[in-house]
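Chains, contacts and geometry: an overview
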Amino acid sequence: MSQDCEVIVVGGGPVGVMALALLGHAGVRAVGIEREPELWRQARAVHFDGETVRSFQAMGLGEELSARVKPMCDYRMENEAGETLVSHATGQMGPQAWHSEVLFHQPEVDGLLRAEVARLADVELRVGTTLLDIQQGDDSVRCTVRTPEGTTRTLTARWVIACDGATSTVRRALGIPGENLGTDDPWLVVDGHLRGTAGIEGDMVFLGRHTRPALWIRLPGDRVRMEFKVLPGDDPEEIVTPAGIARLSRGVLTPQNFEPDRSVIYTFRARLATSWRVGNVFLAGDAAHLAPPLFGQGLCAGLRDVANLVWKIRLVSRGRAPESLLDTYESERKDHARYWVQQAATMAGLVQTTDPVMAARRDAHIRANPADSYPPAPALGPGVHTGPADPHGGRLSMQPMLPDGTRLDDLVGRRFLLAATPELQAGLPDPVRKALEEEPEVAVLTSPQHVGQLLTSVEAPAVLVRPDRYVLGTAHTPEQLEALLRLLPFAGALEPRREMSPPRQETTAQH
């Protein structure tokens, strides 16, 4: 069956448009559909981590994104009495060679991504286009859509990536249930411009007040966000008024100094789709997982989803990897996302308790265990890596800043990276080394100024890093390195060629 493109991306939010941009850079033909005719002008997500900024760097957008964000310089939590229970300095450049935490106004990021998609030749985003039905065949997916003109047409592709949000049409059409990992809690989210006052000290502050749990975030320019737990007895119409916001914020956001962009009640949920792949359809972003916004990992997790999936689609599309490679998307990403959903749900329970006795116990626990308030990033689930036998396998690699001011990824591009000492690389069999030199999917770097920091970070003389910057594995001997290279999806291309035996000569028996 003829296909309109290789991939249809459903949803034109940041996860869907990032998927389109990554597919365009990968040379994979794709069409995105988004039911809204215009870019959503109001903020939703506000936080990226260094890994996410590194994903923008991979498309040449790292500096453009940096011009639109504000480094988050501190994070803390205080209790009802105003006591700071825990505080972290977060404004430094981190191991990804970017600021570890940044804050932004989402429409500016969305606009940057959409402009990149418009620039790329192999992808397009069709706005005002609504998905009506989805059907799968043996080797293709058919999407019935309503166009902006109101007509109905069918788009056909080899794969579909559903980035259509928490109420995903695709997820419901496929009958995929969700696993509930927490409680459903209504919160009032208020965004706007604060002028003439400093507001609350700090860039991100959890206000663990049992009388009214709240969150403060300082965004670029004069923008701020505050979030307030909706309590029983609240009048939903009154709390969104300027007077209601001033009361809930304890005089921080008043009609005299605060100009709201929006005030809306959201329900914070902790959900995980039970399946992320059905045939040739994949779920990503909020369609696959939802977390309370306690660690700012909701959108970051969605962007990790598509970064993980796109490099695998690219290799399968080019015939360099078997279709089974795509099975590792769910196995790797689902466990990783589950960790962050559970961490956020647990922290939500701590932050938003309205029981003074539980709040006092929480305060004592956090004072004694401050690290619990900022959990470490997890490893991927089972897939294309050597973890957990190798403690570095399946974990995000660091990115060195090189002596000339460039970053390592700028040399590597969206390829695999083999970083090794010259001695270890020289120990590979000659045919393997020659095959590596000729393999376009692998960048081989041995210069200490390029890879010395990276090798130190993994405590090994060789490391193999995937296109999504997760470690495939490490090696300490030429034999281990050769075995590691066999785990590449296209490892057959690196196998040493065996010498052909000369044809056997038939002999005539002498009598």
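Residues numbered from 1 in each chain as written. Predicted model: local features only at pLDDT ≥ 70, side-chain atom pairs only at ≥ 80, totals over all residues. Heavy atoms only, no water.

Labelled according to an unreviewed UniProt entry, the protein appears under the name 3-(3-hydroxyphenyl)propionate hydroxylase, originating from Streptomyces aurantiogriseus.

Below, the discussion takes up the overall build of the protein. Check the secondary structure of the protein and you find 14 helices and 25 strands. The globule rule puts the C-alpha radius of gyration for 511 residues at 24 Å, and the 25 Å found for the protein is close to it. Taken along its principal axes, the extent of the C-alpha atoms in the protein is 115 × 60 × 40 Å. Counting every position in the protein, which comprises 511 residues, the buried fraction comes to 54%. Within the protein, contacts between residues separated by at least 24 positions form 73% of all contacts whose residues are at least 6 apart in sequence. Approximately 21,900 Å² of the protein is accessible, and the part contributed by carbon and sulfur atoms is 52%. The average position of the 53 basic charges and that of the 65 acidic charges among the side chains of the protein differ by 2 Å. (Helix = DSSP H or I, 4+ residues; strand = E, 2+ residues; numbered from the N terminus. Rg over C-alpha atoms; globule rule 2.2 N^0.38 Å. Buried < 20%, exposed > 50% of the residue type's maximum accessible area, 1.4 Å probe, protein only. Contact = heavy atoms within 4.5 Å. Areas by Shrake-Rupley, 256 points an atom, 1.4 Å probe, with all protein chains shown as cover. Lys, Arg positive; Asp, Glu negative; His and termini not counted. Charge placed at Lys NZ, Arg CZ, Asp CG, Glu CD.)

Our next topic: the layout of surface pockets. Of the pockets and cavities examined, the second largest pocket occupies roughly 710 Å³. Lining the second largest pocket are 34 residues, and of these Asp 49, Ser 100, Glu 101, Tyr 374 and Ala 377 lie nearest its centre. At the level of elements, β3 (47-49), α2 (50-57), β6 (84-89) and α8 (327-351) are the ones that each hand at least two residues to the lining of the second largest pocket. The residue makeup of the lining of the second largest pocket, split by class, is 17 nonpolar, twelve polar and five charged. (1 Å grid on protein atoms, 1.4 Å probe; cavity = no way out; pocket = protein on both sides within 12 Å on 5 of 7 lines; lining within 4 Å. Points joined across faces, edges and corners; volume = space filled by probe spheres on them. Nonpolar A, V, L, I, M, F, W, Y, C, P; charged D, E, K, R; others polar.)

Attention now goes to the sheet that holds strand β15 (residues 214-218). Read from one edge of the open sheet, seven strands run β6-β5-β14-β15-β16-β13-β17, paired in mixed fashion. The sheet is open, and its two borders are formed by β6 and β17 (258-268), each paired with just one other strand. Taken over all neighbouring pairs, the strand axes of this sheet differ in orientation by 10° on average, direction set aside. In terms of strand pairing, β15 meets strand β16 (residues 223-229) through five bridges, oriented antiparallel. Pairing of Trp 216 across the sheet is with Met 226, part of β16. Relative to the sheet, helix α9 (residues 356-368) contacts β5 (74-79), β6 and β14 (204-208), its axis offset from that of β5 by approximately 140°. (Pairing = 2+ DSSP bridges. Axes fitted to C-alpha atoms, helices over the stretch in contact; angles between N-to-C directions.)

In this structure, Pro 388 follows Gly 387 across a cis peptide bond, with omega equal to 0°. Relative to the helices and strands, Pro 388 resides in the loop between α9 and α10 (408-412). In this structure, Arg 250 is a non-glycine residue whose phi angle is positive, near 55°. Along the chain, the position of Arg 250 falls in the loop between α6 (242-248) and β17. One non-glycine residue with positive phi stands out, namely Arg 469, at about 75°. Tracing the backbone shows Arg 469 in the loop between β24 (462-465) and β25 (471-475). A relative accessible area of 5% places Arg 469 in the buried class.

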